[in-house]
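Architecture and fold: a report
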Amino acid sequence: MNENYLIGLMSGTSLDGLDIAYCKFSFDGSWSYDIIHSKTIAYSKEFQEKLKNAPTRNKSQLNLLSDNFGELMARELKKFVAEFSIDKLDGIASHGHTVFHEPEKRVTLQIGSPEAIFSKFKCPIIYDFRSKDIALGGQGAPLVPLADKYLFSCYQSCLNLGGFSNISFDINDVRIAFDICPVNIVLNLLSNKIGYGYDDKGFFSSQGIVHVDLLNSLNNLKYFSQSFPKSLGWEWVDKYVIPLLDDSSISVQNQIRTFVEHIVFQITRVVKANEIHSVLVTGGGAYNDFLLSRLNSISPGLFQKASNELIEYKEAMCFAFLGLLRMKNQVNVLSSVTGSHKDHSSGRLYPQDL
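Just so it is clear, the model here is predicted, and its values are computed rather than measured.

**Structural notes on the layout of surface pockets**
If you add up the space inside the second largest pocket, you get close to 450 Å³. Glu104, Tyr223, Ser231, Trp236 and Tyr240 are, among the 19 residues lining the second largest pocket, the residues nearest its centre. Going through the elements one at a time, β4 (91–102) and α9 (234–247) are the ones with two or more residues in the lining of the second largest pocket. The element best represented in the lining of the second largest pocket is α9, accounting for four residues. Its residues placed into classes, the lining of the second largest pocket shows seven nonpolar, five polar and seven charged.

So, in structure tokens, the structure goes:
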């Protein structure tokens, strides 16, 4: 049996912190995984603001922030490896933090310079997973579905409820995946308006009232009628969703409730249209009890909440797996998912790919 040990790093759009997952991947005719150690490092308020404001910075400021973020990851990784006495490490795969993602403009940028990490660990660093796919005409996202196909084949589909909801599943043995709609990137923004970082377990939304006009306006946005492959970014939210919320005269709590109903409508629409019968749910949104209850009230028993460890660290683990495939120069991005011209092995290797 072939075994490899990698660390995966993930910084999501929610800005809650850096996810670190130390994983073992085994191949014996099929792939299996084990998340051996994991941890989330919360960002300081100051650094959180720097990441939040990154899209407004110029090139030199972004380069500096990328270096600073690389140094932060290196420091935290060194502590992590020491804390868990890790002595087997074949590579480190870093998704970085997304600043820009506008595939229609052929633009994507994830910051987090690999040099600082390599200086402390001297093992291959795999990073910049999205640029090659963009260059090949793809969306550069989502990338996790290939890991879904290999590591979670016991489920018909995988649904991630993060900053955005994205789903992956097979149609005629071909993996399909796309972003469905915004989730926490909007729910957290609304929660911030009433003094909270997020809607804990869906408490505020459960107390709110659905505003039909706002719900219809959200559901009628052009993106939702477009065919896949397709993906979303903050720029789309800022251009299309935020104005609808700002123009609404209803309370923030009712906006939260209405947006949850929008999420439920879009997800169930996709699931029903594709005759999906089992869904593994991960991502921070899986902790939103009210959101999950609304999903299962429409499709009883269909949405199966993953373990807390998988909810927290699935993306970091999956990027570790994609990094392993890149090290082996095996396909880790599917054209059926991203719309690129061909399947390919994406991600840059440091120090080889300079």
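The rest of the description comes next.
**So, the nonpolar core**
Grouped together as the largest cluster of nonpolar side chains are 81 residues, with contacts concentrated most on Phe25, Leu159, Ile167, Val241, Ile267, Phe303 and Met317. Among the elements that line this core, the one with the most residues is helix α12 (residues 308–327), at twelve residues. Leave out the neighbours within four places in its chain, and Phe25 touches Asn2, Glu3, Asn4, Leu6, Trp31, Ser32, Tyr33, Leu151, Met317, Ala320, Phe321 and Leu324. Of all hydrophobic cores here, the second largest spans 33 residues; its members include Tyr5, Tyr43, Ala54 and Leu65.

**Things to note about the pairing of strand β3 (residues 31–41)**
Both strand β2 (residues 18–27) and β3 contribute to a ladder of ten bridges, which runs antiparallel. From the neighbouring strand, Cys23 faces β3, where its bridge partner is Ile35. Adjacent in sequence and paired antiparallel, β2 and β3 are bridged by three residues, among which Gly29 carries a positive phi angle near 90 degrees.

**Description of unusual backbone geometry**
For the peptide bond that leads from Ala141 to Pro142, omega is -15 degrees, which places it in the cis range. With respect to the element layout, Pro142 can be found in the loop between α4 (131–135) and α5 (145–151). Geometrically, the link from Tyr350 to Pro351 is a cis peptide bond, its omega value of 15 degrees lying close to zero. Take Pro351: it is sitting in the segment after β12 (348–350). Positive phi, normally seen in glycine, also occurs at Asn172, with a value near 55 degrees. Within the element layout of this structure, Asn172 appears in the loop between β8 (164–171) and β9 (174–182). In the Ramachandran plot, Asp173 falls in the positive-phi region, its phi being about 70 degrees despite a non-glycine side chain. Its location among the elements puts Asp173 in the loop between β8 and β9.

**Focus: helix α2 (residues 59–83)**
Between its first and last C-alpha, α2 extends 36 Å over 25 residues, near the 36 Å set by a 1.5 Å rise per residue. When we look at burial in α2, the residues that qualify are Leu62, Leu65, Ser66, Phe69, Gly70, Leu72, Met73, Ala74, Glu76, Leu77, Phe80 and Val81.

**Topic: the sheet that holds strand β7 (residues 157–161)**
Pairing in this open sheet of five strands is mixed, and the strands run β9-β8-β7-β10-β11 from one edge to the other. Strands with a single pairing partner mark the edges of an open sheet, and in this sheet they are β9 and β11 (303–305). Neighbouring strand axes in the sheet, compared pairwise and without regard to direction, differ in orientation by 25 degrees on average. Sitting on the sheet, helix α11 (residues 289–298) touches β7, β10 (279–282) and β11, and the angle it makes with β11 is about 150 degrees.

**Considerations on the state of the cysteines**
A complete count under the given rule lists zero disulfides for this structure. Cys23 provides the cysteine sulfur closest to Cys123, a residue in no disulfide bond, and the two sulfurs are 14 Å apart. Residue Cys123 is classed as buried on the basis of its relative accessible area, which comes to 7%. Free of any disulfide, Cys158 has its nearest cysteine sulfur in Cys318, 7.9 Å distant.

What counts and what doesn't
Residues numbered from 1 in each chain as written. Predicted model: local features only at pLDDT ≥ 70, side-chain atom pairs only at ≥ 80, totals over all residues. Heavy atoms only, no water. 1 Å grid on protein atoms, 1.4 Å probe; cavity = no way out; pocket = protein on both sides within 12 Å on 5 of 7 lines; lining within 4 Å. Points joined across faces, edges and corners; volume = space filled by probe spheres on them. Helix = DSSP H or I, 4+ residues; strand = E, 2+ residues; numbered from the N terminus. Nonpolar A, V, L, I, M, F, W, Y, C, P; charged D, E, K, R; others polar. Core = buried A, V, L, I, M, F, W, Y, C linked by side-chain atoms within 4.5 Å. Buried < 20%, exposed > 50% of the residue type's maximum accessible area, 1.4 Å probe, protein only. Contact = heavy atoms within 4.5 Å. Pairing = 2+ DSSP bridges. Expected span 1.5 Å × (residues − 1). Axes fitted to C-alpha atoms, helices over the stretch in contact; angles between N-to-C directions. Disulfide = S-S within 2.5 Å.

From the geometry alone we can't say anything about function, so treat these as descriptive.
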